[in-house]
Amino acid sequence: MAPMTSPFASETFTLDGKPTPFAPGQTVLEAALAAGHYIPHLCWHPEMGNHGSCRLCVVEANGRIHASCALPAQPGLQVVSKSETLTRVRRTLLEMLFAEGNHFCPGCEKSGDCLLQALAYAHGMTASHFDPFYPQRRIDASHPDLWLDPNRCILCGLCVRASLAEGKEALVIGGRGIASRLLATSPSGLLGDTALAATDRAARICPVGALNFKEVGFASPIGKRRFDHRPPEAMSDKERYT
Ligand code: SF4
Ligand code: FES
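The text that follows walks through the structure, step by step, so that each part is easy to find. Computed from a prediction, not measured in an experiment: that's the story for all the values here.

Conventions used here
Residues numbered from 1 in each chain as written. Chains lettered and ligands numbered in written order. Predicted model: local features only at pLDDT ≥ 70, side-chain atom pairs only at ≥ 80, totals over all residues. Heavy atoms only, no water. Helix = DSSP H or I, 4+ residues; strand = E, 2+ residues; numbered from the N terminus. Rg over C-alpha atoms; globule rule 2.2 N^0.38 Å. Buried < 20%, exposed > 50% of the residue type's maximum accessible area, 1.4 Å probe, protein only. Contact = heavy atoms within 4.5 Å. Lys, Arg positive; Asp, Glu negative; His and termini not counted. Charge placed at Lys NZ, Arg CZ, Asp CG, Glu CD. Near = heavy atom within 4 Å. 1 Å grid on protein atoms, 1.4 Å probe; cavity = no way out; pocket = protein on both sides within 12 Å on 5 of 7 lines; lining within 4 Å. Sits in = over half its atoms within 2 Å of the grid points. Nonpolar A, V, L, I, M, F, W, Y, C, P; charged D, E, K, R; others polar. Salt bridge = Lys/Arg side-chain N within 4 Å of Asp/Glu carboxyl O. Pairing = 2+ DSSP bridges. Axes fitted to C-alpha atoms, helices over the stretch in contact; angles between N-to-C directions. Points joined across faces, edges and corners; volume = space filled by probe spheres on them. Parallel < 35°, antiparallel > 145°, perpendicular 65-115°, else oblique. Left-handed = near helix turned anticlockwise from the far one by under 90°.

### Focus: the overall build of the protein chain
- Within the protein chain, the secondary structure is distributed over 5 helices and 9 strands.
- In sequence order, the protein chain lays out its α and β elements as β-β-α-β-β-β-α-α-β-α-β-β-β-α.
- What you see for the protein chain is a C-alpha radius of gyration of 18 Å, in line with the 18 Å of a compact globule of 242 residues.
- Its C-alpha atoms give the protein chain principal-axis dimensions of about 50 × 40 × 40 Å.
- For the protein chain, the residues scored as buried account for 48% of the 242 residues in total.
- Considering only contacts in the protein chain between residues 6 or more positions apart, those separated by 24 or more positions represent 62%.
- When the 24 basic and 23 acidic side-chain charges of the protein chain are each reduced to a single mean position, those positions are 2 Å apart.

Here it is in structure tokens:
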């Protein structure tokens, strides 16, 4: 990724031993990405900012582990984004996401085009060590062009934020704890009864196989899918985000 350091960047903090410039108000994650220094993340998006839910962006600073998407960059701050501990924590978080849903990649049309799967590969996740939950939430296929599989949703909130930003407010995350899930805001609770349209930003922002277009699955041959050859770390913004 070409470095995109802000022209307003003046001060620096230390990231993995390297002075890293930041602009006032930037978080550690924003400044790192702008400087071409990748920190894993699922719920941060260049257009939508952070959600704070995935926790994959953890770094070590001030003797503690922080979410870098919520940690303001400060002059002289010493940040470590790569360590054995952090790799283990991130792999555990990924395994938890796999365990909580029904992430059966061999039967998922997003395989090879999925940020969750690509990050699991990049973290050497050879197996999930948690007993899977096998949730039984039903698919919502009420929309003529779109469908939602809540058992693949990682609750990153990206589609909710995109729909809010474009003034539709078609989606919301509801429920508590393990009952949390993405819901349509229509009185019927069906996607087809919201104003969500296939042309909406929200309809194509999902980083996994949860909120999908109908009738377009399995279009890319194996070997030509987005993450077949390179991990998210080695990608440009244009390739990494949808
Ligand atoms: S449907 Fe996709 S974009 Fe929306 S919250 Fe779930 S994982 Fe995120
Ligand atoms: S990117 Fe920081 S919590 Fe998801």
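### A short note on the site of ligand 1
- In the vicinity of ligand 1 there are 13 residues, among which Cys-153, Cys-156, Gly-157, Cys-159 and Cys-206 approach most closely.
- With respect to the pocket detection grid, ligand 1 is positioned in the largest cavity.
- In the shell around ligand 1, the residues fall into 12 nonpolar, 1 polar and no charged.

### Digging into the pattern of salt bridges
- As enumerated under the stated definition, the model contains 10 salt bridges in all.
- Through salt bridges with shared partners, a single network forms among Glu-109, Asp-149 and Arg-152.

### Here's the deal with the pairing of strand S3 (residues 58-61)
- Alignment of S3 against strand S4 (residues 64-67), held across 4 bridges, turns out to be antiparallel. Looking across to S4, one finds that Val-58 is bridged to Ala-67.
- The turn joining S3 and S4, which pair antiparallel and follow one another in sequence, is formed by 2 residues; a positive phi near 55° is taken by Asn-62.
- Alignment of S3 against strand S5 (residues 78-80), held across 2 bridges, turns out to be antiparallel. Of the residues in S5, the one forming a bridge with Glu-60 is Val-80.

### Description of the sheet that holds strand S2 (residues 18-22)
- Here we have 5 strands laid out as an open sheet, ordered S2-S1-S5-S3-S4, and mixed in their pairing. Here the strands that pair on one side only, and so sit at the sheet edges, are S2 and S4. Put simply, the sheet's adjacent strands are angled 40° from each other on average, direction ignored.

### Digging into empty space enclosed by the protein
- Across all of its chains, the model carries 3 cavities of 30 Å³ or more by this definition.
- In this structure, the largest cavity encloses a volume near 90 Å³.
- Along the lines of polarity and charge, the residues of the lining of the largest cavity split into 14 nonpolar, 1 polar and no charged.
- By volume, the second largest cavity amounts to about 70 Å³.
- As for the second largest cavity, its lining consists of His-41, Leu-42, Trp-44, His-45, Leu-115, Leu-158, Ile-205, Pro-207, Arg-226, Arg-240, Tyr-241 and Thr-242.
- For the lining of the second largest cavity, the per-class residue count stands at 7 nonpolar, 3 polar and 2 charged.

### Re the environment of Pro-221
- Topologically, Pro-221 is positioned in the loop between strand S9 (211-213) and helix H5 (237-240).
- Counting along the chain gives 109 residues from Pro-221 to Gly-112, while the straight-line C-alpha distance between them is 9.7 Å.

### Digging into the environment of Glu-166
- Among the secondary structure elements, Glu-166 is positioned in the loop between helix H4 (158-165) and strand S7 (171-174).
- With 12 residues separating them in the primary sequence, Glu-166 and Ile-154 have C-alpha atoms 22 Å apart.

### Let's talk about the packing of helix H2 (residues 84-100) against helix H3 (residues 115-122)
- With their axes 10 Å apart at the nearest point, H2 and H3 run at an angle of 135° to one another. The angle between H2 and H3 falls in the class oblique. The crossing of H2 and H3 is left-handed. Contacts from Leu-94, Leu-97 and Phe-98 in H2 reach Leu-116, Gln-117, Leu-119 and Ala-120 in H3.

### With respect to H3
- H3 sits mainly inside the fold: 6 of its 8 residues count as buried.
- When we look at burial in H3, the residues that qualify are Leu-115, Leu-116, Gln-117, Ala-118, Leu-119 and Ala-120.
- If you follow the buried residues of H3, they end up packed against H2.
- Just beyond H3, the residue with positive phi is Gly-124, at close to 60°.

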